Amino acid sequence: MLPRGDFTLHEDQVGYSSVRVATFPLVICETPPGGILRRLVAMTLAISLLVVACGEEDTSVPISSSVVQGKITLVTNNAFSDVDYLLDPFTIQSGVEVEVIAGGSAGSMVNQVILTKDNPLGDVVYGFDNTFLSRLLEEDLFIPYQSPNAAMLPTEFQMDTKNRVTAVDFGDVCINYDKAFFEDAGLAVPADLDDLKKPEYFGLLAVENPATSSPGLAFMLATIAEYGEDDWLAYWEALRGNGVEIAPGWEEAYYTNFSLHGGGQPLVVSYASSPPAEVIFSEPMPNVAPSGVIQSSCFRQIEFIGILRGTENLPAAQALVDWWLTDAMQAELPLNYFVFPVNPNVVLPDSFVEHTVIPSNPYFLDPDLIAKNRDRWIKEWTDVILR
């Protein structure tokens, strides 16, 4: 994927990590962490966004309400539709009303956008990540646009040289573990992917089906990046023999299988930002997150926004892209959408920083390689695991 520099995480800034890049010749999204818990009061958020914009120095380019008007439609995934109140300040500031169409998971949304490209569902699409990027770019769906606010982004996030899409947030899919389970059992937390094959972890891991789940696909790609074309299926055969549980999607895996929520597996594929979500939305709020992250298992996801060909309100669509990168909007992403901002000027909330991690060396596969091989890989995985 992208970030290829040194990474450091401080309480007052975001840095960027080195990434394990697979170069061998192979190649939400459901509701992310916080899921249904992320719903806050829209009015409170609108006010808080405006306070951020007015109370601190905003280095991003503001929206000019004199050049935009009317209404636009945003096509997004179900996860963001849960927090679409984040768009209220844009409407207040610009006067542009935003209708939101939820297209299901990231994969479902991508399919709908492609199938309707001759009669687009909306003006702007948001919520597709690097695992689907090349597939969308190949369809020539987007009107190129270089936001003035994109100039501040680290080069690692400027993935499309033709400016057809703009990176707006990132996160990591990782194996999460139930701390209490491992402490009570006197069992060491797996250190890496290889450990998951060991007999002491029989039946303890729940993963999502990569054919129907964005984090499931990301975890499958992590295993391909680690073991390569020659050995990744053998790894999955070993997991199958070691009792891995397969869930159709993230919500089922996290809220049904994960022992933290009463299930039978203390290991689950989720997000690096799941632990802070567990803290922030618990009453009373614990001092320590009840779950942890196996950093060596993580795969980096980056989400994008793009303007669809056929829009009848290009100025408003461009203004929405500009606004998505503003300090004010980016500052709201961690505690509402549980992703990291790409805007390097944003200060992360203490409550988020304290309980999350950014892996120093996450897995990554080039989007073109993913696009070329995704369907084959999923079929091969299905043949091995679900046969």
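Just so it is clear, the structure is predicted and the values come from calculations on it, not from any experiment.

> Explain the overall build of the chain to me, please; I cannot follow it from the model alone.
In terms of regular secondary structure, the chain is built from 13 helices and eleven strands. Scored against the burial criterion, the 387 residues of the chain give a buried share of 57%. For the chain, the computed accessible surface area is about 15,100 Å², with 50% contributed by carbon and sulfur atoms.

> Is there a simple way to think about the state of the cysteines in this case?
Inspection of the entire model under this criterion finds one disulfide. The disulfide bridge from Cys174 ends at Cys298, spanning 2.0 Å between sulfur atoms. On the sign convention where negative means left-handed, the S-S torsion of about 115° between Cys174 and Cys298 marks this disulfide as right-handed. One end of the pair, Cys174, is in strand β5 (residues 166-178); the other, Cys298, is in strand β9 (residues 291-307), and 124 residues separate them in sequence.

> Looking at this structure, how should I read the pattern of salt bridges?
A pair can form between side chains of opposite charge whenever their charged atoms are brought close. Applying the stated criterion across every chain, the model contains ten salt bridges. The partner of Glu99 in a salt bridge is Lys71, with the nearest N and O atoms 3.7 Å apart. Taken together, the residues Glu99 in strand β3 (residues 97-102) and Lys71 in strand β2 (residues 71-76) connect sequence positions 28 residues apart. For Glu99, a relative accessible area of 35% translates into the label partly exposed. The partner of Asp172 in a salt bridge is Arg300, and the shortest N-O contact between them spans 2.6 Å. With a gap of 128 residues between them, Asp172 in strand β5 and Arg300 in strand β9 connect regions that are remote in the sequence. Of the two residues, Asp172 and Arg300, both sit in the buried class. Among the charged side chains, a network of salt bridges with common partners joins Glu229, Arg376 and Glu380.

> Help me out: how do you make sense of the packing of aromatic side chains in this one?
Geometry of an aromatic ring pair is reported as the spacing of the ring centres plus the angle between the planes. A full pass over the atoms with the stated rule returns 24 aromatic pairs. On the basis of an interplanar angle of 45° and a centroid distance of 5.2 Å, the ring pair of Tyr254 and Phe258 is categorised as tilted. Judged by its relative accessible area of 1%, Tyr254 is buried. A relative accessible area of 0% places Phe258 in the buried class. Ring centres 6.4 Å apart and planes at 75° place the aromatic pair Trp323 and Trp324 in the edge-to-face group. You can call Trp323 buried: its relative accessible area is 2%. Among the residues examined, Trp324 registers a relative accessible area of 0% and is labelled buried. Here the aromatic cluster, defined as three or more aromatic residues joined through ring pairs, consists of Phe80, Phe90, Tyr126, Trp323, Trp324 and Tyr337.

> Where do I start with the confidence of the model for the chain in this structure?
Low pLDDT means the predicted atomic positions in that stretch should not be read closely. Taken as a whole, the chain shows an average pLDDT of 85; of its residues, 82% reach a score of 70 or greater. Here helix α1 (residues 42-55) stands out as the element of the chain with the lowest mean pLDDT, 40, in contrast to helix α6 (residues 179-185), whose mean of 98 is the highest. Segment residues 1-18 is flagged for pLDDT under 50; beyond a separation of four residues in sequence, or across chains, it makes 66 contacts in the model. In the model, residues 22-55 has pLDDT below 50 throughout and makes 116 contacts with residues more than four positions away in sequence or in other chains.

> How should the environment of Glu237 be read in this particular structure?
Summarising the element assignment, Glu237 is placed in helix α7 (residues 214-241). Glu237 sits in the partly exposed class, given a relative accessible area of 42%. Separated by 40 residues in the primary sequence, Glu237 and Lys197 have C-alpha atoms spaced 9.6 Å apart.

> Before we go on, may I ask you to explain empty space enclosed by the protein in this structure?
Gaps left between atoms show up when a probe the size of a water molecule is rolled over them. Considered as a void within the structure, the second largest cavity measures approximately 50 Å³ in volume. Surrounding the second largest cavity, Leu196, Tyr201, Gly203, Leu204, Leu205, Leu239, Asn242, Gly243, Val244 and Leu267 form its lining. Taken together, the residues of the lining of the second largest cavity sort by class into seven nonpolar, three polar and no charged.

> What exactly am I supposed to notice about the side chain of Ser297 here?
Topologically, Ser297 is positioned in strand β9. From its side chain, Ser297 meets the backbone nitrogen of Ile175 in a polar contact 2.9 Å long. Among the polar contacts made by the side chain of Ser297, one reaches the main-chain carbonyl oxygen of Ile294 at a distance of 2.6 Å. Here Ser297 is in contact with Val173, Cys174, Ile175, Leu193, Phe219, Ala222 and Tyr363, once residues within four sequence places are set aside.

What counts and how
- Residues numbered from 1 in each chain as written.
- Predicted model: local features only at pLDDT ≥ 70, side-chain atom pairs only at ≥ 80, totals over all residues.
- Heavy atoms only, no water.
- Helix = DSSP H or I, 4+ residues; strand = E, 2+ residues; numbered from the N terminus.
- Buried < 20%, exposed > 50% of the residue type's maximum accessible area, 1.4 Å probe, protein only.
- Areas by Shrake-Rupley, 256 points an atom, 1.4 Å probe, with all protein chains shown as cover.
- Disulfide = S-S within 2.5 Å.
- Salt bridge = Lys/Arg side-chain N within 4 Å of Asp/Glu carboxyl O.
- Phe/Tyr/Trp six-rings, centres within 6.5 Å; stacked < 30°, edge-to-face > 60°.
- pLDDT = per-residue confidence, 0-100.
- Contact = heavy atoms within 4.5 Å.
- 1 Å grid on protein atoms, 1.4 Å probe; cavity = no way out; pocket = protein on both sides within 12 Å on 5 of 7 lines; lining within 4 Å.
- Points joined across faces, edges and corners; volume = space filled by probe spheres on them.
- Nonpolar A, V, L, I, M, F, W, Y, C, P; charged D, E, K, R; others polar.
- Polar contact = N/O pair within 3.5 Å; in protein donor to acceptor, adjacent residues only side chain to side chain.

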